[in-house]
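# Architecture and fold: a report
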Amino acid sequence: MFKILSNEMIAENIYKMDILAPRVAKSAKPGQFIIVRVDDKGERVPLTISDFDSERGSVQIVVQALGHSTKKLVSLGSGEFVKDFAGPLGNASDFISEDFELLRNKKVVFVGGGVGAAPVYPQVKFFSDLGICTDVVLGFKNENFVILKNEFESLNANVHFCTDDGSFGFKGLVTDKLEELIKSKNIDIVVTIGPMIMMKFVAELTKKYDIKTIASLNTLMVDGTGMCGGCRVSVNDEIKFTCVDGPEFDAHLVDFDEAMSRQSTYKEEENHKCRLDGDLNV
Amino acid sequence: MSKIDRVPVREQSPDIRRSNFEEVSFGYNEEEAVLEASRCLNCKRPMCVSKCPVSIDIPGFISFVKERNFDKAYEILSKYTSLPAVCGRVCPQEVQCESKCVLGIRGEPVAIGKLERFVADWALENNFKVDSDIVFNGHKVAVIGSGPSGLTCAGDLAKLGYEVTIFEALHEAGGVLTYGIPEFRLPKDKVVKPEVDKLKDLGVKIETNVIVGRTVTIDELISEEGFEAVYIGSGAGLPRFMNIPGENAKGVFSANEFLTRANLMKAYRDDYDTPIKPGKRTAVVGGGNVAMDAARTALRLGSEVYIVYRRSEEELPARREEVHHAKEEGINFELLTNPVEILSDENGWVKGIRCIRMKLGEADSSGRRRPVPIEDSEFVIDVDSVIMSIGTTPNPLISSTTSDIETNKKGCIIADDDGRTSKNRVFAGGDIVTGAATVILAMGAGKSAAKAIDDMIKNK
């Protein structure tokens, strides 16, 4: 059993939860995810890590309550427990193991969308802590869906909020903002996390400009340790398992259409909703 | 009944069991068990024991069954195996102990497996426990993986007085016994959980949700958490695929995914949240026990099922009993048939599997005749679901995050017969060393390693 330390609604239907999980907190790195199971009959739901505090032993997740399982999860209050909380899963972001001096000379842009903004946060924080200023483009449907505004603004980063209707920040898609940045700055790397469709369009844009791009994939999975193969994606025409080979891949080599199709496998099942369903308009 | 005839085991009739998840075999009752046990000749040099990977004193326990002294029979079993109710159900006895039974020369061998199951079930039902007065010796050992190999190693070490912690990546202990083997062959609440609980009674701690290699590394377990030895029994978990066109269509699953949803996550039950997608017509590719399990699970979920296997019936790697059960239940066998492409509809869903007929050619390195395609023999089986069950490869999580541990070309950890790896204090056994094999071989490896770990710690 894992204790919920806090649960706060931070936007329409989106919740920020801190879970006491000392082993996970101690090992967590930017780019990784966890699997949570609410109760005995719950399914195993993969969710990205949005922050962690190894001293406190807590891990933060941001959850959009859409399906049965995520609704059950966010209905729990602080002091209550989730049955299982396993992780950290997946490989840490490549940046972690790179030479920091080399990183300093790179111009990195993060592009997040919807709840995908949450896993962008620990990555930007990692750079910010090293004193490296990055650009961050975050897209939301409208101002009611904007999350982690204060957190991002407290970092050493140029944060560009975008909304479809212009109700907050830049009016337009993240790709519009990204193209502006590409034209005005010499960008070396783009990292994108969010709905598959958004990552696909980001990848198409950056390919045009020949900018290295990394996508963090959110696929269906059961165990998260390589066993089920449900998370398989085609990368450069090879089968890769998101959980053990990823979740980050070269976005220009990922078959996004196939990935999106696979993601809809269980769409009809009443009890199951993919965690990003319904929020494709970022 | 003459000595030649084996006491038949009662089973659920195929017509009924094909739509439920209750156990297929009812096992023996007391009368039947005593009668079957009375067939045992109690050989002076029992060949059955020589073919048991954990060397159970088979005539010994059977002779007590004959005398209706079931608690003594159970005590003997317990000396050799921590999981008798499991072994009695899933061991391939026909190629192990029972294959060497003298009675088998002229008739049917003693039903050793069914007797083992009877004794183990009797002990579980009567809550009979073997007295153990374990004195902790103050040494700590970590076991990675709570499958048959890890459970056996942990049990043996606990009996020797070690403080053992098992680290399990999933939320439930049991490994393949829990996620892989279906309820109708190995009931979870009746058999697996109680056998795991018996280990807890011995003082074994089980920490679930710990993914060694991610949550904590082996190096950390040794240097920071004070474990003096580590046994890796993490299994061969990664599913293989055929790399044929269409394999990533919706409706193509690995047997691991399909079975994990059904067994571990209980997706076949309406009161559980995990979804499962059985097709109306399902092709299961492969011919091993896992393929039979997936096929029979799909059948029970309402699918019409085809086993597609590239060799002939004789080479089917699955246990005879399981093939027989599958046929009785109405699974269709497309033998000497190999898939070449998975076809999908305009929405990306599977709509068929294109196969080619095969014939057997010269023997290959496995000693079996190699299947070769017959030209112009392609045909399509109309299915809306495909389950790939063509084997697994070792999970790289541990080997890639542990310093100084050697693996072979297939990614298996290299270990000697006692489980010693290239890394000091680290032992390994079961599928992570051998590649996918049987429950009982994994148990044998866990047992040898427990002994080697004890030797190492005592002699340092």
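Residues numbered from 1 in each chain as written. Chains lettered and ligands numbered in written order. Predicted model: local features only at pLDDT ≥ 70, side-chain atom pairs only at ≥ 80, totals over all residues. Heavy atoms only, no water.

As named in an unreviewed UniProt entry, chain B is Sulfide dehydrogenase (Flavoprotein) subunit SudA, taken from Oceanotoga teriensis.

Per an unreviewed UniProt entry, chain A carries the name Ferredoxin--NADP+ reductase and comes from Oceanotoga teriensis.

Turning next to the confidence of the model for chain B. Per-residue pLDDT for chain B averages 94, and the proportion of residues at 70 or more is 99%. Reported for the predicted complex are a pTM of 0.94 and an ipTM of 0.91. (pLDDT = per-residue confidence, 0-100.)

With that out of the way, let us pick up a positive patch on the surface. Residue and element names in this part refer to chain B. A cluster of basic side chains, namely R240, R310, R368 and R370, defines a positive patch on the protein surface. Among the structural elements, R310 can be located in the loop between β10 (304-308) and α15 (320-329). Classification of R310 by relative accessible area gives partly exposed; the value is 36%. (Patch = residues over 30% accessible without salt bridge, like charges linked within 9 Å, V, L, I, M, F, W, Y side chains within 5 Å. Areas by Shrake-Rupley, 256 points an atom, 1.4 Å probe, with all protein chains shown as cover. Salt bridge = Lys/Arg side-chain N within 4 Å of Asp/Glu carboxyl O. Lys, Arg positive; Asp, Glu negative; His and termini not counted. Charge placed at Lys NZ, Arg CZ, Asp CG, Glu CD. Helix = DSSP H or I, 4+ residues; strand = E, 2+ residues; numbered from the N terminus. Buried < 20%, exposed > 50% of the residue type's maximum accessible area, 1.4 Å probe, protein only.)

The next thing to look at is the nonpolar core. If you look at the biggest cluster of nonpolar residues, it comprises 69 residues, and the most contacted ones within it are I58(B), F61(B), I62(B), V65(B), L115(B), L177(B) and I453(B). Considering every element that reaches this core, the biggest residue donor is helix α18 (residues 439-458) of chain B, with 8 residues. The residues touching I62(B), leaving out its near neighbours within four places in the chain, are A37(B), C40(B), V110(B), I112(B) and L115(B). Counting 31 residues, the second largest nonpolar core, distinct from the first, contains V108(A), V120(A), I132(A) and I193(A). (Core = buried A, V, L, I, M, F, W, Y, C linked by side-chain atoms within 4.5 Å. Contact = heavy atoms within 4.5 Å.)

Hydrogen bonds between backbone groups are what pair the strands of a sheet, and the pairing can be parallel or antiparallel. Residue and element names in this part refer to chain B. The 5 strands lie next to each other as β8-β16-β9-β10-β11, forming an open sheet whose pairing is parallel. What marks the edges here is a single partner per strand, and that holds for β8 (252-254) and β11 (332-334). Looking at each pair of strands side by side, their axes are set apart by 25 degrees on average, direction ignored. In this sheet, β10 lies alongside strand β9 (residues 281-285) in parallel orientation, the contact comprising 5 bridges. Across the sheet, V284 pairs through a bridge with I307, a residue of β10. (Pairing = 2+ DSSP bridges. Axes fitted to C-alpha atoms, helices over the stretch in contact; angles between N-to-C directions.)

Below, the discussion takes up the sheet that holds strand β4 (residues 45-53) of chain A. Residue and element names in this part refer to chain A. In spatial order, the strands read β6-β1-β2-β5-β4-β3-β7; together these 7 strands make up an open sheet with antiparallel pairing. Looking at strand neighbours, the two that pair on one side only are β6 (81-82) and β7 (84-89), the edges of this open sheet. Here strand β1 (residues 2-11) runs beside strand β2 (residues 14-20); their pairing, made up of 6 bridges, is antiparallel. Considered in β2, the bridge of A11 is made with I14.

Residues and elements named next belong to chain A. The domains assigned to chain A are domain 1 (2-89) and domain 2 (94-216). With centres defined by C-alpha atoms, the gap from domain 1 to domain 2 works out at 23 Å. Contacts between the two partners involve 14 residues from domain 1, matched on the other side by 15 residues from domain 2. Between domain 1 and domain 2, roughly 1,300 Å² of surface is buried when both sides are summed, and carbon and sulfur atoms account for 66% of that area. Considering only the side of domain 1, the residues that lose the most area to domain 2 are E12, P30 and S50, jointly responsible for 32% of the buried surface there. Inspection of the domain 1/domain 2 interface yields 2 salt bridges. A salt bridge links K125 to D51; the nearest nitrogen and oxygen atoms lie 3.2 Å apart. Applying the counting rule to domain 1 against domain 2 returns 3 residue pairs in polar contact (both at pLDDT 80 or more). Looking at the side of domain 1 that touches domain 2, the elements that each hand over two or more residues are β1, β2, β4 and β5 (58-64). (Domains from an automatic or database assignment. Buried area = accessible area lost by both parts, 1.4 Å probe. Polar contact = N/O pair within 3.5 Å; in protein donor to acceptor, adjacent residues only side chain to side chain.)

The full count for this structure, using the stated rule, is 61 salt bridges over all chains. As a salt-bridge pair, D40(A) and R37(A) come within 3.9 Å of each other at their nearest N and O atoms. Among the salt bridges present, the one from E179(A) reaches K208(A), with a minimum N-O distance of 3.7 Å. Of this pair, E179(A) sits in helix α6 (residues 174-184) while K208(A) sits in helix α7 (residues 196-208), and the two are 29 residues apart along the sequence. When its relative accessible area of 61% is taken as the criterion, K208(A) is described as exposed. Each of R17(B), E94(B), K114(B), R185(B), D293(B), R296(B), R300(B), R319(B), E321(B), E322(B), E328(B) and E329(B) takes part in a single network of salt bridges with overlapping partners.

All names here are of chain B. As for its position among the elements, E334 is in strand β11. Since its relative accessible area comes to 18%, E334 is described here as buried. At 2.8 Å, the side chain of E334 forms a polar contact with the side chain of R357. If we ignore the near neighbours within four places in the chain, the residues touching E334 are Y306, I307, V308, Y309, R357, F379 and I381.

Okay, the packing of aromatic side chains next. A full pass over the atoms with the stated rule returns 19 aromatic pairs over all chains. Where F100(A) meets F126(A), the ring centres are 5.9 Å apart and the plane angle is 70 degrees; that geometry is what we call edge-to-face. Of this pair, F100(A) sits in helix α3 (residues 100-104) while F126(A) sits in helix α4 (residues 117-129), and the two are 26 residues apart along the sequence. Judged by its relative accessible area of 17%, F126(A) falls in the buried class. Ring geometry for F253(B) versus F258(B): centroids 6.4 Å apart, planes at 40 degrees, classification tilted. Classification of F258(B) as buried rests on a relative accessible area of 2%. Aromatic rings pair up to connect F95(A), F100(A), F110(A), F126(A) and F127(A) into one cluster. Its end group placed over the ring of F201(A), K200(A) keeps NZ or CZ at 5.9 Å from the ring centre. (Phe/Tyr/Trp six-rings, centres within 6.5 Å; stacked < 30°, edge-to-face > 60°. Lys NZ or Arg CZ within 6 Å of the ring centre and 35° of its normal.)

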